Amino acid sequence: MPAKHKDVARFYEEFIRQSPLEPCIMFHEGGHWREITVRTNLVGSTMAIVYFHPQNLTQEEIQPHKETLVEFFTHGPGTACQLTSLYFQESSMTRCTNEQSPYQLLYGEPYIFEELLGLRFRISADAFFQVNTSGAEVLYRTVGEVSKADRSSILIDVCCGTGAIGLSLSKGVEQVIGIELIEQAVQDAAHNASLNGISNCDFRSGKAEVVLPQLLPSLDSAAPLFATVNPSRAGLHYRVIRAIRNCASIHRLIYISCKPDGEAMRNFTELCCPPDRQKKLLGDPFVPTVAIPVDMFPHTAHCELVLVFER
């Protein structure tokens, strides 16, 4: 963890201790100040996102506390953090999107930028981007090596985030089609394609279980397809697996899992089991052929696993 992250956390703790509002540990026990997310890049830009439970406070009652937060980090002790961006999100849920509760830019620049594999990426507050940039380069380079893509291939990039995988593979394929739930991330991905002069990428917003089944039948069946998926710990929705399984044009699938021993295992069995009419899994089964661990989280028991499935 970068020292800068620890500094921001320490000053945020100091801020909470002097605030008249209590921290919110358990939602039902009250309190307001929740966790803070810190994002930094290789050149030192720092984005901090403070999450706040409004409980029964009105907007007029919350406003002075937002102003105090800005004052603390721009003119008070928190100035030492040299924040590039300070965001604030009111949320009564564990996690919510920008559409559910907008991220409010209280101070600074709306984005930070990162360099990865010779490409430049814009990152919004709500967008997913691997926190370990050097590790991410190893991960995406590994994906490129096992993809065996050629210039006639179409890459379907599911859970594409800000487009890192698709953009890094774009030179070796005919077209990239990315699917991502988070609208801000899709906007970032499209911007990143333009920023890097890449014109063969199309990024689509929506739930993968809705977008993918509609997309696959519309693609030219003569074009070879391959897919990459990089879901959360919860794995892929069953309808995504079913769409991939029933698309005869997809002969290779690269599954990147941050928790392969969890819900992802259900995805693996659905990809590889015999055809099952009851489950509407009609396509030929996939076979796992390559498994490569990439240590994205040093000094922890966690590891990203790149799995290649073929048929």
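This one's a predicted model, so the numbers in the text were calculated from it and none came from an experiment. (Residues numbered from 1 in each chain as written. Predicted model: local features only at pLDDT ≥ 70, side-chain atom pairs only at ≥ 80, totals over all residues. Heavy atoms only, no water.)

A. Fine view of the overall build of the protein chain. A count of helices and strands for the protein chain gives eight helices and 13 strands. The C-alpha extent of the protein chain, read off along each of the three principal axes, is 60 × 40 × 35 Å. Relative to its 311 residues, the protein chain shows a buried fraction of 50%. When contacts within the protein chain are restricted to residue pairs at least 6 apart in sequence, long-range pairs at least 24 apart make up 63% of them. (Helix = DSSP H or I, 4+ residues; strand = E, 2+ residues; numbered from the N terminus. Buried < 20%, exposed > 50% of the residue type's maximum accessible area, 1.4 Å probe, protein only. Contact = heavy atoms within 4.5 Å.)

B. Looking closely at the UniProt feature "active site" (unreviewed entry) in the protein chain. Here, UniProt's "active site" (unreviewed entry) annotation points to C258. Of note, C258 is situated in the loop between β11 (250-257) and α8 (264-272). Setting aside residues up to four positions removed in sequence, C258 forms contacts with S232, R233, C303 and E304. (UniProt positions renumbered as here; feature names shortened; annotations may be inferred.)

C. Structural detail: empty space enclosed by the protein. This model, assessed by the stated rule, comprises one cavity of 30 Å³ or more. Taken as a whole, the largest cavity spans an internal volume of roughly 80 Å³. Lining the largest cavity we find F128, F129, Q130, Y140, D157, C159, C160, G161, T162, A164, I165 and N230. (1 Å grid on protein atoms, 1.4 Å probe; cavity = no way out; pocket = protein on both sides within 12 Å on 5 of 7 lines; lining within 4 Å. Points joined across faces, edges and corners; volume = space filled by probe spheres on them.)

D. The side chain of H5, seen in detail. Mapped onto the elements, H5 comes out in helix α1 (residues 3-18). Among all residues touching H5, those that are not within four sequence positions of it are V38, R39 and T40.

E. Examining the sheet that holds strand β9 (residues 201-205) more closely. Pairing in this open sheet of seven strands is mixed, and the strands run β9-β8-β7-β10-β11-β13-β12 from one edge to the other. At either margin of the open sheet sits one strand with a lone partner, and together these are β9 and β12 (287-294). Direction aside, the axes of adjacent strands within the sheet are offset by 15 degrees on average. Against the sheet, helix α3 (residues 133-147) makes contact with β10 (225-229), β11, β12 and β13 (304-310), and its axis sits at roughly 165 degrees relative to β11, the strand it touches most. (Pairing = 2+ DSSP bridges. Axes fitted to C-alpha atoms, helices over the stretch in contact; angles between N-to-C directions.)

F. Examining the packing of aromatic side chains more closely. Counted under the stated rule, the structure contains 11 aromatic pairs. Between F15 and W33 the ring centres are 5.0 Å apart and the planes differ by 80 degrees, which places this aromatic pair in the edge-to-face class. With F15 in helix α1 and W33 in strand β1 (residues 33-40), the pair connects residues that are 18 residues apart, well separated along the chain. The exposure classification of F15 matches that of W33, with both residues buried. Measuring from centroid to centroid gives 6.4 Å for Y87 and Y103, while their planes differ by 80 degrees, and the two rings are edge-to-face. Of the two residues, Y87 sits in strand β3 (residues 85-90) while Y103 sits in the loop between β3 and β4 (104-108), which places them 16 residues apart along the sequence. A connected cluster of aromatic rings, assembled from ring pairs, spans F15, W33, F52, F72, F73 and F88. (Phe/Tyr/Trp six-rings, centres within 6.5 Å; stacked < 30°, edge-to-face > 60°.)

G. Seen up close, the pairing of strand β8 (residues 175-180). The buried fraction of β8 is high, at five of six residues. Where strand β7 (residues 154-158) meets β8, five bridges bridge the pair, whose relative direction is parallel. Residue pairing in the sheet places I154 in a bridge with Q175 of β8. This β-α-β element, β7 to helix α4 (residues 164-169) to β8, shows right-handed connectivity. Bridge analysis of β8 against β9 gives five bridges, and the strand direction is parallel. Bridging from a neighbouring strand, I177 pairs with D202 of β9. The handedness of the β8 to β9 crossover, carried by helix α5 (residues 183-195), is right-handed. (Right-handed = clockwise from strand over helix to strand, strands pointing away.)

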